Each structure stands twice: as C-alpha cells, then as structure tokens.
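# Architecture and fold: a report
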Amino acid sequence: MKNKPLKTGGVKELQAVANMIASARSVAVLTGAGVSKESGIPTFRDAQTGLWAKYDPQQLATTAGFKSDPGLVWRWYDYRRQLLASVEPNNGHYALVELEGLVPKVTVVTQNVDGLHQKAGSHNVIELHGSITSFFCFDKRHPAADVAAGLSEPPRCHCGSLIRPAVVWFGEMLPEEAFDRASEAMFEADVILVIGTSGLVQPAASLPLTARLRGAKIVEINPERTPIAESADAFLEGPSGQILPQLVEALKACGKR
Ligand code: OAD
C-alpha cells in the first residue's frame, strides 16, 4: 500500500521531514536540473524554458547525433560550458553542504553535469551523467585533457578519433563505478531527498524507489509533483533554493545533533 505523502510545503510538513532527517544516520540526495535553475541554468523539460523545448535531444545528446554533425554537438556543449563560467551555486546547493554538518553521512547523487554541488563545497558527490567540463575520445574512450573553450569543431585525440564531452547521452550506459556507488548510497540511506528532477530518466529515477522497498523514507522537493511523489513519504512543494535552507534551519532547531 502506498504511504500517503504529507501535504505540501507548510511549516508542519517541513518540521516532519526535519525530524526524519534528525534521526537518520545516512542521507542520500538525488538531484536533477531543477536544483540549478535558481543559478540561472535552464532545466530540460520545463515547458517553454526547458532545453528540450528548444533543442532536439536526438541531435544533441546521442552518439548518432554526434556522428552526423560533430561540430553542432560540440558547439552546443561548448556554449553550455561557457554559460557555466558565469554562474554560481545557489542557496539550495549551499544548504546541502550545510547538511553535511548535521547528519553523519550525506551523499549527493546528481544527474547534473554542471559541477555546482562541488563548487558549493559538497564533499561526497557522485556524477551519474558525467561532467560537461571533462572529455574523452569518441572511438576508444581514452580520457582526454581539458579543451579550451570557443572551438567550433571537436579536436582530435592522439589516436585520431574525435574528442567528445564526458557526459552520458541517451542510449548510453551510466559510468559503472558512479552507478554502483550511487546504488550503495541509496541502499544504506535512511532518508532520500529527491530534488529538482522530473523522475523520467532511467536508471536514475529508479534509484530511490528500490531503496524504499527496504524502508528508506523518500522526500520529494520540487515546485511540482512528479511520478516520484506517488511513492514518497513527504512532498515539499517549492523551489529548492528556498525549501532546502528552511529545511536545514528546521533541522538545526531539532537540536538533536
Ligand atoms: P528535467 O528538466 O527533466 O526536470 C527538472 C525538474 O526540476 C522538474 O521536475 C521541475 O519541476 C523541477 N524544478 C524546476 N524549477 C525548480 C526549482 N527552482 N527547484 C527545484 N526543482 C525545480 O531535469 P532532470 O530530471 O534533471 O540527461 O533530467 C534528467 C536528465 O534528462 C538530465 O540529466 C538530462 C536530461 O535529458 C541527459 O542529457 C542524458
């Protein structure tokens, strides 16, 4: 039987989630594009403003797209990488850093490739979909050195293959080590915070749900309910840049740690 999610966003609900976290030994956090939205980075699926509302993922985020027009794909990631140079983590990222001082173990599992959790200071971050600031060789997957911004075509590896961004494209496997570590973090977590993700992309979306089968509490934080809310024990409605700092304050007020 489904647990009935708490009602959205109010002080009582926030306090109930803070109480859950106060008695947790390990918290796992699954983040998606929404957590970086208040830093000025567009999400993928928000109507109008989402990247996939303007760009074709088949062309820009698949190996077939890269093979057919490597320059186009390269320039799109280069543009996004340059955008990152001018953005900063937001209060949501910083609140997750603060959480590390309030819970024995916090692991951030992110689908984001923007590096903002690390830039904010989170120590234990697992990048499920890679990183937009790293590169590897398309054919042989050699790791590649940093590439200067502003090139209009991908450079070539010493083996002759094109260099590509080290992000996961549709149809590709997740990096095995990252996925194993993420599964482990979910497995040992008492509470899992699912923040700013539509919960539509597998296998990331299933990670919290499998953990729930062995009793982990799931909390969704999002301005909108996603399919994850159906299986969540609590739903805190709102932008993570506002909700997370409030949650951290409520947790401090629990005074248990
Ligand atoms: P989506 O764009 O699918 O979902 C973003 C989520 O963030 C939505 O549920 C929004 O309601 C929510 N949101 C919007 N503003 C928010 C805010 N201020 N605070 C919190 N949440 C907010 O992004 P992801 O779920 O991350 O993969 O997408 C998953 C994967 O699909 C991405 O990693 C990317 C994409 O295609 C690849 O490129 C392989």
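Coordinates for the structure precede this section.
What counts and what doesn't
- Residues numbered from 1 in each chain as written.
- Predicted model: local features only at pLDDT ≥ 70, side-chain atom pairs only at ≥ 80, totals over all residues.
- Heavy atoms only, no water.
- Helix = DSSP H or I, 4+ residues; strand = E, 2+ residues; numbered from the N terminus.
- Rg over C-alpha atoms; globule rule 2.2 N^0.38 Å.
- Buried < 20%, exposed > 50% of the residue type's maximum accessible area, 1.4 Å probe, protein only.
- Contact = heavy atoms within 4.5 Å.
- Areas by Shrake-Rupley, 256 points an atom, 1.4 Å probe, with all protein chains shown as cover.
- Lys, Arg positive; Asp, Glu negative; His and termini not counted.
- Charge placed at Lys NZ, Arg CZ, Asp CG, Glu CD.
- Pairing = 2+ DSSP bridges.
- Axes fitted to C-alpha atoms, helices over the stretch in contact; angles between N-to-C directions.
- Expected span 1.5 Å × (residues − 1).
- Polar contact = N/O pair within 3.5 Å; in protein donor to acceptor, adjacent residues only side chain to side chain.
- Near = heavy atom within 4 Å.
- Nonpolar A, V, L, I, M, F, W, Y, C, P; charged D, E, K, R; others polar.
- Phe/Tyr/Trp six-rings, centres within 6.5 Å; stacked < 30°, edge-to-face > 60°.
- Lys NZ or Arg CZ within 6 Å of the ring centre and 35° of its normal.
- Core = buried A, V, L, I, M, F, W, Y, C linked by side-chain atoms within 4.5 Å.

### Thoughts on the overall build of the protein chain
When its secondary structure is counted, the protein chain shows 11 helices and nine strands. For the protein chain, whose C-alpha radius of gyration is 19 Å, the value lies close to the compact-globule estimate of 18 Å for 257 residues. Dimensions of the protein chain, computed from C-alpha atoms along their principal axes, come out at roughly 60 × 35 × 35 Å. Residue burial in the protein chain is summarised as follows: out of 257 residues, 50% are buried. Across the protein chain, every contact between residues at least 6 apart in sequence was considered, and the portion connecting residues at least 24 apart equals 69%. Accessible surface, the protein chain as shown: approximately 12,300 Å² in total, 53% of it carbon and sulfur. Here the protein chain contributes 26 positive and 27 negative side-chain charges, whose respective centroids are spaced 4 Å apart.

### Thoughts on the sheet that holds strand β6 (residues 163-167)
Taken in spatial order, the three strands of this open sheet run β5-β4-β6, and their pairing is antiparallel. Each end of this open sheet is capped by a strand with a single partner; those strands are β5 (143-144) and β6. Bridge count between strand β4 (residues 130-137) and β6: five bridges; the pairing is antiparallel. Pairing of Phe135 across the sheet is with Pro165, part of β6. Each of β4 and β6 touches helix α5 (residues 70-85); the most contacted strand, β4, lies at about 140° to it.

### Some remarks on helix α8 (residues 176-188)
Helix length check: α8, at 13 residues, gives a terminal C-alpha distance of 19 Å against a target of 18 Å (1.5 Å per residue), a fit within 8%. Tucked inside the fold, the buried residues of α8 contact β1 (26-31), β2 (105-110), β3 (125-127), β7 (191-195) and α9 (207-212).

### Considering the sheet that holds β7
On the basis of which strands lie adjacent, the open sheet formed by six strands has the order β3-β2-β1-β7-β8-β9 and parallel pairing. Lying at the two open borders of the sheet, with one neighbouring strand each, are β3 and β9 (234-237). Along the sheet, successive strands turn relative to each other by an average axial angle of 20°, direction set aside. Against the sheet, α8 engages β1, β2, β3 and β7, with an angle of about 135° to β3.

### Re the side chain of Thr226
Tracing the backbone through its elements, the reader meets Thr226 in the loop between β8 (217-222) and α10 (227-230). You can call Thr226 buried: its relative accessible area is 11%. Of the polar contacts made by the side chain of Thr226, one reaches the side chain of Glu220; its length is 2.6 Å. Thr226 has contacts with Thr197, Ser198 and Glu220, leaving out every residue within four places of it along the chain.

### Some remarks on the site of the ligand
Near the ligand, the surroundings consist of 23 residues, among which Phe44, Arg45, Thr197, Ser198 and Asn222 are the closest. Contact distances for the ligand include 3.3 Å between a nitrogen atom and a backbone N or O atom of Gly34. When the free accessible area of the ligand is taken as 790 Å², the share hidden by the protein chains comes to 94%. Classifying every residue of the shell around the ligand gives eight nonpolar, 11 polar and four charged.

### So, the packing of aromatic side chains
Enumeration over the complete set of coordinates arrives at nine aromatic pairs. Here the aromatic residues Phe44, Trp52, Tyr55, Phe66, Trp76, Tyr77, Phe138, Trp169 and Phe170 are joined through ring pairs into a cluster of three or more. It is Arg80 that lies over the ring of Trp76; its NZ or CZ is 4.6 Å from the centre. Taking NZ or CZ as reference, Arg164 lies 3.8 Å from the ring centre of Trp169, over its face.

### Quick word on the nonpolar core
In terms of nonpolar packing, the biggest core is built from 32 residues, with Ile21, Val27, Leu99, Leu193, Val219 and Leu247 touching the most fellow members. For this core, the secondary-structure elements that each account for two or more residues are α1 (11-22), β1, α6 (91-99), β2, β7, β8, β9 and α11 (240-254). The element best represented in this core is α11, accounting for seven residues. Within the second largest apolar cluster, 19 residues are counted, among which are Val109, Ala178, Val194 and Ala232.

The analysis is restricted to geometry; functional conclusions fall outside its scope.
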